[in-house]
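Below are the chains, spelled out letter by letter.
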Amino acid sequence: MHDLKSIRDNPAAFDAGLARRGVSPQSAAILELDARRRAAQTTFQDLQARRNDASKQIGQIKRQGGDCEALMAEVAALKEQIPALEDEDRALGAEIETILASLPNLPDDSIPDGPDESANVEIRRWGTPREFDFTPLDHDALGEKLGMDFDGAARLSGARFVVLKGQMARLQRAIGQFMLDIQTGEHGYTEIDPPLMIKDQAAFGTGQLPKFSEDLFKTNTGHWLIPTAEVPLTNLVADQILDEKDLPLRMTALTPCFRSEAGSAGKDTRGMIRQHQFHKVEMVSVVHPDRSDEEHERMTKCAETVLQRLGLPYRVVVLCAGDTGFCARKTYDIEVWLPGQQRYREISSCSNCGEFQARRMKARFRPEGEKNTRAVHTLNGSGLAVGRTLVAVLENYQQADGSITVPEALRPYLGGVERIG
């Protein structure tokens, strides 16, 4: 969340950061509650000190055989007042925490202003979209003949699901394994196999709760299904104090992900672009605050490597303040070219969250030679979304007869198969 001391020190900067996200000023309300809480704490401390002092005096007077009724009455009155102040302190603290928990991270100074994706800025492109001598098809039209079964999935589970059969299932598995091998073998990420269900506190730590509960699926045991492996991976450092020498931590996982897509009614209802269940290779870094900007660039390049090896054209855009996710201070989206749609579509988001998630999780490190601790910085990114990569391979490598040429990088994972269909 946000550092209350920083808000006290520079409320105008806090409100200015929120304004870039389209959020109304909050510092005055927060600081008014903070002032009331600190006043209650001061009064509590004064009364507590007076009660302790009066209790000592009562003991001395009793030993001397004197009259201490007045002091005893004062202590009794103080004893009644103190719990109310403690309750007020807790209530005001909870109110402040509720407000802070609902507010997004402040955007980095380097990102562009703007209300939505229309203000995002392209910063580079890689690859040239293929020129077809026939009209390229969407992946769902291609996939129907190759083992991509949307009708069967609808009978089983409803909309926004797919059943992959035979070569399609094998190709998706190959893509995921290929990504993991790059991120672990070449980029130094440690592979993790995390739980797919999490508790409230974990979802709070990475910012899904309380604001985005409608985007999640909840079980009848009170657990939440993970929307991405970012949640369990990042929370592995929750409530921990790390040694500076252990940073950076880099973790990756290939997992199913589950999203309700509550805010996406009518969007991408056909095909595999936006589903309730999908696979993704996630990358998470936990780093020294002085290294997070550098790590952000590194992580984005790690994601780009996968697309380059597959020969898939893409572009990288930096998101504007109004389009940046709740927990992020800066995000790069990587968008792959889909010839069936004649447009670039997001296939990875790489975000630097600064200390925002770490403060929610109480994830800290102790600088070498120091007693005090500092919040770590956390980053997350897709390396990549497996289903969307499958879509990109189908559309970019399709042939006129509906078959798919397998990218050379994937052929070892498919027993040398060069063509599907």
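Residues numbered from 1 in each chain as written. Predicted model: local features only at pLDDT ≥ 70, side-chain atom pairs only at ≥ 80, totals over all residues. Heavy atoms only, no water.

Moving on: the overall build of the protein. Helix and strand counts for the protein stand at twelve helices and 17 strands. For 421 residues, the compact-globule estimate of 2.2 N^0.38 gives 22 Å, and the protein exceeds it by more than 25% at 27 Å. Viewed in the frame of its principal axes, the protein has a C-alpha envelope of about 105 × 45 × 40 Å. Classification of the 421 residues of the protein by burial places 48% in the buried group. Pairs at least 24 apart in sequence give 73% of the contacts found in the protein among residues at least 6 apart. As presented, the protein carries roughly 20,300 Å² of accessible surface, and 47% of it is formed by carbon and sulfur atoms. (Helix = DSSP H or I, 4+ residues; strand = E, 2+ residues; numbered from the N terminus. Rg over C-alpha atoms; globule rule 2.2 N^0.38 Å. Buried < 20%, exposed > 50% of the residue type's maximum accessible area, 1.4 Å probe, protein only. Contact = heavy atoms within 4.5 Å. Areas by Shrake-Rupley, 256 points an atom, 1.4 Å probe, with all protein chains shown as cover.)

Here we come to the environment of Gly-143. You can see Gly-143 is positioned in helix 5 (residues 139-143). Through-space distance from the C-alpha of Gly-143 to that of Leu-249 is 39 Å; in sequence the pair is 106 residues apart.

Attention now goes to the UniProt feature "binding site: L-serine" (unreviewed entry) in the protein. Here the UniProt-annotated "binding site: L-serine" (unreviewed entry) positions come out as Thr-228, Ala-229, Glu-230, Arg-259, Glu-282, Asn-380 and Ser-382. Leaving out residues up to four positions away in the same chain, Glu-230 has contacts with Thr-206, Gln-208, Glu-282, Val-284, Gln-357 and Asn-380. Within the element layout of this structure, Ser-382 appears in strand 15 (residues 377-385). If we ignore the near neighbours within four places in the chain, the residues touching Ser-382 are Lys-280, Val-281, Glu-282, Met-283, Ala-303, Ile-347, Ser-348 and Ser-349. Here Lys-280 takes part through its side chain, which lies 3.4 Å from a polar atom of the side chain of Ser-382. (UniProt positions renumbered as here; feature names shortened; annotations may be inferred. Polar contact = N/O pair within 3.5 Å; in protein donor to acceptor, adjacent residues only side chain to side chain.)

This next bit is on the sheet that holds strand 14 (residues 374-375). Strand order in the open sheet made by the three strands is 7-13-14, with mixed pairing throughout. Both edges of this open sheet fall to strand 7 (241-243) and strand 14, since each of them pairs with a single strand only. Across three bridges, the pairing between strand 7 and strand 13 (residues 364-366) is parallel. If you follow Ile-241 over to strand 13, its bridge partner there is Arg-364. (Pairing = 2+ DSSP bridges.)

Right, let's get into the packing of aromatic side chains. Within this structure, the stated rule accounts for six aromatic pairs. Ring centres 5.1 Å apart and planes at 65 degrees place the aromatic pair Trp-337 and Tyr-344 in the edge-to-face group. Put simply, the rings of Phe-212, Phe-326 and Phe-356 pair up and form one aromatic cluster. Looking at Arg-360, its charged tip hangs above the ring of Phe-204, at a distance of 4.1 Å from the centre. (Phe/Tyr/Trp six-rings, centres within 6.5 Å; stacked < 30°, edge-to-face > 60°. Lys NZ or Arg CZ within 6 Å of the ring centre and 35° of its normal.)

Side chains that are nonpolar tend, in soluble globular proteins, to be buried together. Leu-171 and Leu-394 are the most contacted members of the largest nonpolar core, which totals 51 residues. Elements represented by at least two residues in this core include exactly helix 7 (167-185), strand 9 (277-287), helix 10 (292-310), strand 10 (314-318), strand 11 (330-338), strand 12 (343-352), strand 15 and helix 12 (386-396). Of the residues forming this core, the biggest block, eight residues, is contributed by helix 7. Among residues more than four places away in sequence, those in contact with Leu-171 are Leu-390, Leu-394, Leu-410, Leu-414 and Ile-420. The next biggest cluster of nonpolar side chains, apart from the first, holds 16 residues, and it includes Ala-229, Leu-242, Leu-247 and Ala-363. (Core = buried A, V, L, I, M, F, W, Y, C linked by side-chain atoms within 4.5 Å.)

A separate point is the environment of Glu-88. Looking at where Glu-88 falls in the secondary structure, it is placed in helix 4 (residues 69-102). By relative accessible area, which is 32% here, Glu-88 ends up partly exposed. On a C-alpha basis, the gap between Glu-88 and Ala-40 in space is 7.0 Å, while along the polypeptide they are 48 residues apart.

Scanning the model with the defined rule gives zero disulfides in all. Take Cys-257: it sits in no disulfide, and the sulfur closest to it among the cysteines is that of Cys-350, at 14 Å. We classify Cys-257 as buried; its relative accessible area is 0%. A disulfide-free cysteine, Cys-320 has its sulfur positioned 17 Å from the sulfur of Cys-353, the nearest such atom. (Disulfide = S-S within 2.5 Å.)

Let us look at the packing of helix 7 against helix 12. Running from N to C, helix 7 and helix 12 cross one another at 115 degrees; their axes reach a closest spacing of 9 Å. The orientation of helix 7 relative to helix 12 falls into the category roughly perpendicular. Considering the relative orientation of helix 7 and helix 12, their crossing is right-handed. Of helix 12, the residues touching helix 7 (which contributes Met-168, Leu-171, Gln-172, Ile-175, Gly-176 and Met-179) are Val-386, Gly-387, Thr-389, Leu-390, Val-393 and Leu-394. (Axes fitted to C-alpha atoms, helices over the stretch in contact; angles between N-to-C directions. Parallel < 35°, antiparallel > 145°, perpendicular 65-115°, else oblique. Left-handed = near helix turned anticlockwise from the far one by under 90°.)

Now for the sheet that holds strand 10. In any sheet, the strands associate via hydrogen bonds between backbone groups, in a parallel or an antiparallel arrangement. Taken in spatial order, the eight strands line up as 1-10-11-12-15-9-8-4 in an open sheet, and their pairing is mixed. The open sheet has two edge strands, strand 1 (121-126) and strand 4 (190-191), and neither has a second partner. Pairing between strand 8 (residues 249-258) and strand 9: ten bridges, direction antiparallel. What sits directly across from Pro-256, in strand 9, is His-279. In the packing of helix 7 onto the sheet, the strands contacted are strand 4, strand 8, strand 9 and strand 15, and the crossing angle to strand 8 comes to about 165 degrees. The strands touched by helix 10 within the sheet are strand 1, strand 8, strand 9, strand 10, strand 11, strand 12 and strand 15, with strand 15 carrying the most contacts at an inclination of about 5 degrees.

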